[in-house]
Amino acid sequence: MRIAALLVTLALGLSACAPVPQTMGPDGKPLPQVYRIGANDKARIQYRMLDSVNALRRAAGAPEVQLDAQLTAAAATHSRDMSVQNRPWHFGSDGSSPIDRVRRVGYTGPMLGENISETYETELETLGAWMEQPDTRRVIVDPNARRMGFSWHQENNGKIWWTLIMGG
């Protein structure tokens, strides 16, 4: 009886070590997992993005930026609005431009640029994609930037609409 119990325990332990099957894409790579953002993740995600942006800015010789509540409010509004419109673009459903949106939240400094994304990727994967494109990289490392707004909206299906705004 002891030997049987030992063998069952051993078999269960070894089966736990078996690789978990993954669904593969047509390119032979594992399909990405949905990145779910919880209600308690907001500060962690915002500060991880801020730290990452500042590391990239330091490497580019640009001064660090600070997270700005007004720019973040404008970013959050635009992320939700892109989801409603179901398209990533810089104009709001009411025709507003990024400059209009930062003025509406009371930001009085210069609005230097806005990066947007529609994706299922994490904030750091999105930042990496922005850094690969010259126009969005320029927004991130603009030496005139001193303030940053960053937010997102996640749909029930997991799609995330990211918005990053840089201000002077």
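Our subject is the structure listed above.
## Description of the packing of helix 2 (residues 42-59) against helix 5 (residues 123-132)
Here's step 1: With their axes 10 Å apart at the nearest point, helix 2 and helix 5 run at an angle of 30° to one another. Between helix 2 and helix 5, the angle is such that the two are roughly parallel. As for how helix 2 packs across helix 5, the hand of that crossing is right-handed. For the pair formed by helix 2 and helix 5, the contact residues are I45, R48, M49, S52, V53 and L56 on the first element and E123, L124, L127, W130 and M131 on the second.
Here's step 2: Split into classes, the residues belonging to the contact of helix 2 with helix 5 amount to 8 nonpolar, 1 polar and 2 charged.

## Quick word on the side chain of Q46
Here's step 1: Among the structural elements, Q46 can be located in helix 2.
Here's step 2: Relative accessible area serves as the criterion here: at 8%, Q46 is assigned to the buried category.
Here's step 3: From its side chain, Q46 meets the backbone oxygen of F150 in a polar contact 3.0 Å long.
Here's step 4: Sequence-distant contacts of Q46, that is, excluding residues within four places in its chain, are made with L67, T72, F150 and W152.

## Focus on the pairing of strand 3 (residues 147-154)
When a strand is regular, its side chains alternate between the sheet's two faces.
Here's step 1: Most of strand 3 is tucked away, with 6 of its 8 residues classed as buried.
Here's step 2: As paired strands, strand 1 (residues 66-67) and strand 3 are joined by 2 bridges and run parallel to one another. Pairing of Q66 across the sheet is with R147, part of strand 3.
Here's step 3: Of the pairings in the sheet, the one linking strand 3 to strand 4 (residues 160-167) comprises 8 bridges and is antiparallel in character. Bridge assignment links G149 to a residue of strand 4, and that residue is I165.
Here's step 4: Taking the residues between adjacent antiparallel strands as the criterion, strand 3 and strand 4 are bridged by 5 residues, where G158 takes a positive phi near 100°.

## Looking at the packing of aromatic side chains
Here's step 1: Scanning the model with the defined rule gives 4 aromatic pairs in all.
Here's step 2: Judged by centre distance (5.6 Å) and plane angle (55°), the rings of W152 and W162 are tilted. With W152 in strand 3 and W162 in strand 4, the pair connects residues that are 10 residues apart, well separated along the chain. W162 shares its class with W152; the two are buried.
Here's step 3: Counting every residue linked through ring pairs, the aromatic cluster contains F150, W152 and W162.
Here's step 4: Lying across the ring of W89, R87 places its NZ or CZ 3.9 Å from the centre.

## Some thoughts on unusual backbone geometry
Here's step 1: Of note, N86 is a non-glycine position whose phi angle comes to about 55°, a positive value.
Here's step 2: Mapped onto the fold, N86 is located in the loop between helix 3 (69-85) and helix 4 (98-104).

What counts and what doesn't
Residues numbered from 1 in each chain as written. Predicted model: local features only at pLDDT ≥ 70, side-chain atom pairs only at ≥ 80, totals over all residues. Heavy atoms only, no water. Axes fitted to C-alpha atoms, helices over the stretch in contact; angles between N-to-C directions. Helix = DSSP H or I, 4+ residues; strand = E, 2+ residues; numbered from the N terminus. Parallel < 35°, antiparallel > 145°, perpendicular 65-115°, else oblique. Left-handed = near helix turned anticlockwise from the far one by under 90°. Contact = heavy atoms within 4.5 Å. Nonpolar A, V, L, I, M, F, W, Y, C, P; charged D, E, K, R; others polar. Buried < 20%, exposed > 50% of the residue type's maximum accessible area, 1.4 Å probe, protein only. Polar contact = N/O pair within 3.5 Å; in protein donor to acceptor, adjacent residues only side chain to side chain. Pairing = 2+ DSSP bridges. Phe/Tyr/Trp six-rings, centres within 6.5 Å; stacked < 30°, edge-to-face > 60°. Lys NZ or Arg CZ within 6 Å of the ring centre and 35° of its normal.

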